[in-house]
Amino acid sequence: MRETVLITGANRGLGLALANKFGGEDWQVLAGARADHGGLADLVKRFPHVSVVSLDVTDVDSVRNAARQVSERATGLDILINNAAIFPEEGTPPLAKLDLSDMHLQRTMDVNVLGPLRVTQQFLPLLERGQRKLILNVSSEAGSIADCRRKSQYAYCMSKAALNMQSRILQNDLGRKGFKVLAVHPGWMQTDMGGPDATVPPDVSAAGIFRLAMRHWDPSDEIYWDYRGNSLRW
Ligand code: NDP
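Because the structure is a prediction, the values reported are computed rather than measured.

What counts, and at which threshold
Residues numbered from 1 in each chain as written. Predicted model: local features only at pLDDT ≥ 70, side-chain atom pairs only at ≥ 80, totals over all residues. Heavy atoms only, no water. pLDDT = per-residue confidence, 0-100. Helix = DSSP H or I, 4+ residues; strand = E, 2+ residues; numbered from the N terminus. Core = buried A, V, L, I, M, F, W, Y, C linked by side-chain atoms within 4.5 Å. Buried < 20%, exposed > 50% of the residue type's maximum accessible area, 1.4 Å probe, protein only. Contact = heavy atoms within 4.5 Å. Polar contact = N/O pair within 3.5 Å; in protein donor to acceptor, adjacent residues only side chain to side chain. Near = heavy atom within 4 Å. Areas by Shrake-Rupley, 256 points an atom, 1.4 Å probe, with all protein chains shown as cover. Pairing = 2+ DSSP bridges. Right-handed = clockwise from strand over helix to strand, strands pointing away. Salt bridge = Lys/Arg side-chain N within 4 Å of Asp/Glu carboxyl O. Axes fitted to C-alpha atoms, helices over the stretch in contact; angles between N-to-C directions. Parallel < 35°, antiparallel > 145°, perpendicular 65-115°, else oblique. Left-handed = near helix turned anticlockwise from the far one by under 90°.

*Asks:* Give a detailed account of the confidence of the model for the protein, specifying residues and quantitative values.
*Replies:* The predicted model of the protein has a mean per-residue pLDDT of 97, with 100% of residues at 70 or higher. When pLDDT is averaged over each helix and strand of the protein, the minimum, 96, is found for helix H2 (residues 39-46) and the maximum, 99, for strand E5 (residues 134-138).

This is the structure in structure tokens:
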């Protein structure tokens, strides 16, 4: 029987590259997306074992409905990849010029931190019935406090640091049930978020993340990695 993965934000960028990689490796892929810009339709045509699930990570009803839909298509879930995130343009100026009344901080936390928590909570029963019990949160080197050199980008960096903490707490809680939780930096990728100067094609990052996901993990192993398999400092 095929193993099953759910990927959030699977309609473009890294999410689409991950759906393509897992689909090509013959996994049953549940591609969570708010909308399709064409890439997912092509993927579904190529791989009949890839299907789309409507999923907005900021809307708990949407997440609940997605979990219900997936439970109708699969008996369990082996891997959950929390990939959906935003990088708010408004979040990059220095403190003096930052508009904290425009809600970009709250929006970023809602998508990048509470989003993965909502999805993990609603999909936990399915993950418990899966074999691998792997939760892979797509984080960033921007979430590392130890290696932080930035003087701005408060919203995004704070959100990824909080996602790292979320990953650690989940590992502490779920490790006894055989779960492994990872927080993975995917590299500076050539996506809408990474922009034109980025260096890593998303399919190269997706291949590295796939290799990480296929490792045998013990609950006591490190949590924070990059896509090439180097562990990162919190
Ligand atoms: P993109 O901006 O290219 O894509 C973001 C994805 O997230 C889209 O599919 C988007 O869907 C989805 N998304 C945003 N908000 C929501 C929501 N409320 N509900 C569901 N889906 C949503 O980003 P990347 O592919 O570059 O990034 C993927 C991951 O990698 C993110 O977690 C990011 O933080 C991380 N990362 C990226 C880096 C880079 O250089 N690009 C560097 C380090 C980390 P929609 O089309 O509907 O908006």
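*Asks:* Describe the nonpolar core, naming the residues involved and giving the relevant values.
*Replies:* Counting 33 residues, the largest nonpolar core has Ile 7, Phe 22 and Ile 81 as the members making the most contacts within it. Mapped by element, the contributors of at least two residues to this core are strand E1 (4-7), helix H1 (13-24), strand E2 (28-33), H2, strand E4 (79-82), E5, strand E6 (180-185) and helix H6 (202-214). The residues contacting Ile 81, other than those within four sequence positions of it, are Val 5, Leu 6, Ile 7, Thr 8, Leu 18, Phe 22, Leu 136 and Val 138.

*Asks:* Give me the lowdown on the side chain of Thr 191, citing residues and values where you can.
*Replies:* Following the sequence through the fold, Thr 191 ends up in the loop between E6 and H6. With a relative accessible area of 15%, Thr 191 lands in the buried category. A polar contact is formed between the side chain of Thr 191 and the backbone nitrogen of Gly 194, at a distance of 3.1 Å. Apart from the residues lying within four places of it in its own chain, the contact partners of Thr 191 are Gly 13, Leu 14 and Pro 202.

*Asks:* Give a description of the site of the ligand that names residues and reports values.
*Replies:* Contacts to the ligand come from 30 residues, most closely from Asn 11, Arg 12, Arg 34, Tyr 156 and Thr 191. Within the backbone of Val 57, one N or O atom sits 3.0 Å away from a nitrogen atom of the ligand. In the complex, the protein chains occlude 94% of the 900 Å² of accessible area that the ligand would expose alone.

*Asks:* Summarise the pairing of E4; cite the residues concerned and give the values.
*Replies:* Residues of E4 alternate between two faces, with Ile 79 and Ile 81 on one and Leu 80 and Asn 82 on the opposite face, all of them buried. Sheet topology note: the E1/E4 ladder contains three bridges and is parallel. Among the inter-strand pairings, Val 5 is bridged to a residue of E4, identified as Ile 79. Since E4 and E5 lie parallel, the crossover through helix H4 (residues 104-128) that links them has a hand, and here it is right-handed.

*Asks:* Could you give me a rundown of the pattern of salt bridges, with the residues and numbers involved?
*Replies:* If you walk through the whole model with that rule in mind, you get 13 salt bridges. The salt bridge partner of Arg 68 is Glu 72, with a shortest N-O separation of 3.6 Å. Taken together, the residues Arg 68 and Glu 72, both in helix H3 (residues 60-73) and four residues apart, mark about one turn of the helix. Exposure remark for Glu 72: the relative accessible area of 61% places this residue in the exposed category.

*Asks:* Talk me through the sheet that holds E5; I want residue IDs and the actual numbers.
*Replies:* Read from one edge of the open sheet, seven strands run E3-E2-E1-E4-E5-E6-E7, paired in parallel fashion. Looking at the sheet topology across the chains shown, the edges are occupied by strand E3 (50-54) and strand E7 (224-226). Shown here is a sheet whose adjacent strand axes are inclined to one another by a mean of 20 degrees, direction ignored. When E4 meets E5, the two strands line up parallel, connected through four bridges. When the bridges of E5 are listed, Leu 80 appears paired with Ile 135. Sheet contacts for H6: E4, E5, E6 and E7; angle to E5, the most-contacted strand, approximately 150 degrees.

*Asks:* Pulling in residues and values, what's your account of the environment of Asp 218?
*Replies:* Mapped onto the secondary structure, Asp 218 falls in the loop between H6 and E7. According to the relative accessible area criterion, Asp 218 is partly exposed, its value standing at 37%. In this structure the C-alpha to C-alpha distance between Asp 218 and Arg 118, which are 100 residues apart in sequence, comes to 25 Å.

*Asks:* Quick one: what's the story with the packing of H4 against helix H5 (residues 154-174), residue by residue and with numbers?
*Replies:* Orientation of H4 relative to H5, taken along the N-to-C sense of each, is 20 degrees, at an axis distance of 8 Å. Between H4 and H5, the crossing angle belongs to the class labelled roughly parallel. The crossing of H4 and H5 is right-handed. Taking contact as the criterion, the partners of His 104, Leu 105, Thr 108, Met 109, Asn 112, Val 113, Pro 116, Leu 117, Thr 120 and Leu 124 in H4 are, on H5, Ala 155, Tyr 156, Met 158, Ser 159, Ala 162, Leu 163, Gln 166, Leu 170 and Leu 174.

*Asks:* Can you tell me about the environment of Trp 188, naming the residues and giving the values?
*Replies:* Structurally, Trp 188 is set in the loop between E6 and H6. Placed 77 residues apart in sequence, Trp 188 and Val 111 show a C-alpha to C-alpha distance of 20 Å. At 3.0 Å, the side chain of Trp 188 and the backbone oxygen of Gly 194 are in polar contact.

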